[in-house]
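Structure assessment
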Amino acid sequence: MKKSNDKQYRFDGKVVVITGAAIGLGCSHAKLFAAQGARVIANDLGVNRDGTMGDNQALDHVVAAIKEAGGIATANYDSVENGERIIEQAMDEFGQVHVIVNNAGILRDKSFHKMSLEEWQLIHRVHLEGAFRVTRAAWPHMRNQTYGRVLFTASAAGLYGNFGQANYGAAKLGLYGLTRTLAVEGASKNIHANTIAPMLDSRMLEGLLPDEYRKQMKPELVSPLAAFLCHEDCNENGSLYEVGAGWYGKVRWQRSDGLALPPGEEVSIADIANNWQTINSFEQAHFPQDNVEAGMFMLKNLED
Ligand SMILES: NC(=O)c1ccc[n+]([C@@H]2O[C@H](COP(=O)([O-])OP(=O)(O)OC[C@H]3O[C@@H](n4cnc5c(N)ncnc54)[C@H](O)[C@@H]3O)[C@@H](O)[C@H]2O)c1
């Protein structure tokens, strides 16, 4: 494929907050946004894969590399668990915030029967509550300026489930639930929210895929989709994309045509069991866009 010309997709003047920007996907995001002219707040707490403290040198290297290349970036060392501070710094330094890329993440994998409440809560605090805190703190500024782009980072483990990742999967799918509502609430203020579920070579994939695959799954193949979703020319809102290894696709809800029984009559368990095939048939599938459209199927059944 011919190398695309990214001159059109500039972020000049835009303040972009990227969480977890020291390594992996966040580092790739930070470098791309900065190369496209954004003023980047590169956040990272500098933790190990399991969330225990590591160091922050990698973040300093990212910020230095961006500056050396002529870009604008500032390091922020807070945890997303104190997401308000990241936005405070963005406002102090640049007076505005236009784009939030919620990317920071950790793992505490354990099969469900061994998972402790602490392991469940830590993952929710970092992924779901962390993204909430950062985004919630930026939201009033985005509303005031009638402009904002928010990106959340989910995972196939949330969309499809994965052994040992009950905590992570639940938090990750929660982020898409958050996206759907922010898309509705933000639309009138030109604030868009979308989610990506990426796959890329990082320490998160260690031991999961053979090295010859991993080395080709560059984070730089994911970041252009993230940047496009955060660009002012992109009208996408409330959407979910799977992305990795140079592959890009959209995911949406699909619902069967369903079984419509007369609501005025009694329904037995056998009525359900005997119609199981109809309830489960996707031959005439529907793709409801929102909860009003989804609810219409049930309300229509009252009229028929
Ligand atoms: N690598 C994959 O294939 C994959 C698959 C699905 C989803 N994801 C998601 O993509 C995102 C990026 O993953 P990655 O593979 O680059 O991971 P990574 O481990 O390489 O990088 C994550 C970064 O987040 C930082 N971080 C962790 N907790 C933080 C906190 N509380 N506050 C601030 N920073 C924090 C870490 O220090 C690290 O620099 C994560 O949300 C991850 O769950 C990755």
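Computed from a prediction, not measured in an experiment: that's the story for all the values here.

**So, the site of the ligand**
Near the ligand lie 31 residues; those nearest to it are Asp44, Asn103, Tyr168, Ser202 and Arg203. Taking Ser79, its side chain carries an N or O atom lying 3.0 Å from a nitrogen atom of the ligand. Measuring from an oxygen atom of the ligand, one finds a side-chain N or O atom of Lys172 at 2.9 Å. Considered on its own, the ligand offers 830 Å² of accessible surface; in the complex 97% of this is hidden by protein. Only α1 (24-35), α4 (117-144), α6 (166-186) and β6 (191-199) provide two or more residues apiece to the shell around the ligand.

**Remarks on the nonpolar core**
Counting 33 residues, the largest nonpolar core has Ile18, Phe33, Val40, Val101 and Ile196 as the members making the most contacts within it. When residues of this core are traced back to their parent elements, those giving at least two are β1 (15-18), α1, β2 (39-43), α2 (57-68), β3 (72-76), β4 (99-102), α8 (223-229) and β7 (240-244). Considering each element in turn, this core owes the most residues, 5 residues, to α1. By size, the runner-up hydrophobic cluster in this structure holds 32 residues, among which are Ile41, Val97, Ala137 and Ala171.

**Thoughts on the confidence of the model for the chain**
On average, the chain scores 96 in pLDDT, and the residues at 70 or more come to 98%. Across the chain, β4 holds the top mean pLDDT of 99, while helix α7 (residues 211-214) sits lowest at 91.

**Side note on the domain arrangement of the chain**
Split into domains, the chain comes out as domain 1 (10-251) and domain 2 (253-304). The distance between the C-alpha centroids of domain 1 and domain 2 comes to 37 Å.

**Looking at unusual backbone geometry**
Its identity is not glycine, yet Thr146 carries a phi of approximately 50°, on the positive side. Since its relative accessible area comes to 40%, Thr146 is described here as partly exposed. Positive phi is not limited to glycine here, since Asn190 has a value of about 55°. Structurally, Asn190 is set in the loop between α6 and β6. Its relative accessible area of 30% is what places Asn190 among the partly exposed residues.

**Here's the deal with the pattern of salt bridges**
Going through the model one piece at a time under the given rule, you end up with 9 salt bridges. We note a salt bridge from Glu81 to Arg125, for which the minimum N-O separation is 2.8 Å. You can see Glu81 sitting in the loop between β3 and α3 (83-94) and its partner Arg125 sitting in helix α4, a full 44 residues away along the chain. The partner of Arg214 in a salt bridge is Asp201, with the nearest N and O atoms 2.7 Å apart. Taken together, the residues span a long stretch of sequence, with Arg214 in helix α7 and Asp201 in the loop between β6 and α7 at a distance of 13 residues.

**Some words on the packing of α3 against α4**
Across the interface, α3 lies against α4 with an axial gap of 6 Å and an inter-helix angle of 40°. Classified by the interaxial angle, the pair formed by α3 and α4 is oblique. As α3 runs across α4, the sense of the crossing is right-handed. Where α3 approaches α4, its residues Gly83, Glu84, Ile86, Ile87 and Met91 are matched on the opposing element by Arg133, Val134, Ala137, Ala138 and His141.

**Some details on the packing of aromatic side chains**
Under the counting rule described, the total for this entry stands at 3 aromatic pairs. Ring centres of Tyr9 and Phe228 lie 5.6 Å apart, and the angle between their planes is 85°; on these two criteria the pair is classed as edge-to-face. Remark: Phe228 occurs in helix α8 and Tyr9 occurs in the segment before β1; sequence separation between them is 219 residues. Here Lys14 stacks its cationic end above the ring of Tyr147, 5.3 Å away from the centre of that ring. Positioned above the aromatic ring of Phe287, the side-chain terminus of Arg252 is 3.4 Å from the ring centre.

**A word on the state of the cysteines**
Applying the stated rule across the entire model yields 0 disulfides. Residue Cys230 stays outside any disulfide, its sulfur separated by 8.5 Å from that of Cys234, the closest cysteine. When its relative accessible area of 1% is taken as the criterion, Cys230 is described as buried.

**Observations regarding the side chain of Ser202**
Within the fold, Ser202 resides in the loop between β6 and α7. Judged by its relative accessible area of 19%, Ser202 falls in the buried class. Sequence-distant contacts of Ser202, defined by excluding residues within four places in its chain, comprise Gly24 and Arg214.

**Here's the deal with the environment of Arg108**
Within the fold, Arg108 resides in the loop between β4 and α4. Residue Arg108 is classed as partly exposed on the basis of its relative accessible area, which comes to 21%. Considered as a pair, Arg108 and Ala156 are 48 residues apart in the sequence and their alpha carbons are 16 Å apart. Apart from residues no more than four positions distant in its own chain, Arg108 is found in contact with Asp50, Thr52, Met115, Glu119, Leu122, Ile123 and Asn167.

Calculation notes
- Residues numbered from 1 in each chain as written.
- Predicted model: local features only at pLDDT ≥ 70, side-chain atom pairs only at ≥ 80, totals over all residues.
- Heavy atoms only, no water.
- Near = heavy atom within 4 Å.
- Polar contact = N/O pair within 3.5 Å; in protein donor to acceptor, adjacent residues only side chain to side chain.
- Areas by Shrake-Rupley, 256 points an atom, 1.4 Å probe, with all protein chains shown as cover.
- Helix = DSSP H or I, 4+ residues; strand = E, 2+ residues; numbered from the N terminus.
- Core = buried A, V, L, I, M, F, W, Y, C linked by side-chain atoms within 4.5 Å.
- Buried < 20%, exposed > 50% of the residue type's maximum accessible area, 1.4 Å probe, protein only.
- pLDDT = per-residue confidence, 0-100.
- Domains from an automatic or database assignment.
- Salt bridge = Lys/Arg side-chain N within 4 Å of Asp/Glu carboxyl O.
- Axes fitted to C-alpha atoms, helices over the stretch in contact; angles between N-to-C directions.
- Parallel < 35°, antiparallel > 145°, perpendicular 65-115°, else oblique.
- Left-handed = near helix turned anticlockwise from the far one by under 90°.
- Contact = heavy atoms within 4.5 Å.
- Phe/Tyr/Trp six-rings, centres within 6.5 Å; stacked < 30°, edge-to-face > 60°.
- Lys NZ or Arg CZ within 6 Å of the ring centre and 35° of its normal.
- Disulfide = S-S within 2.5 Å.

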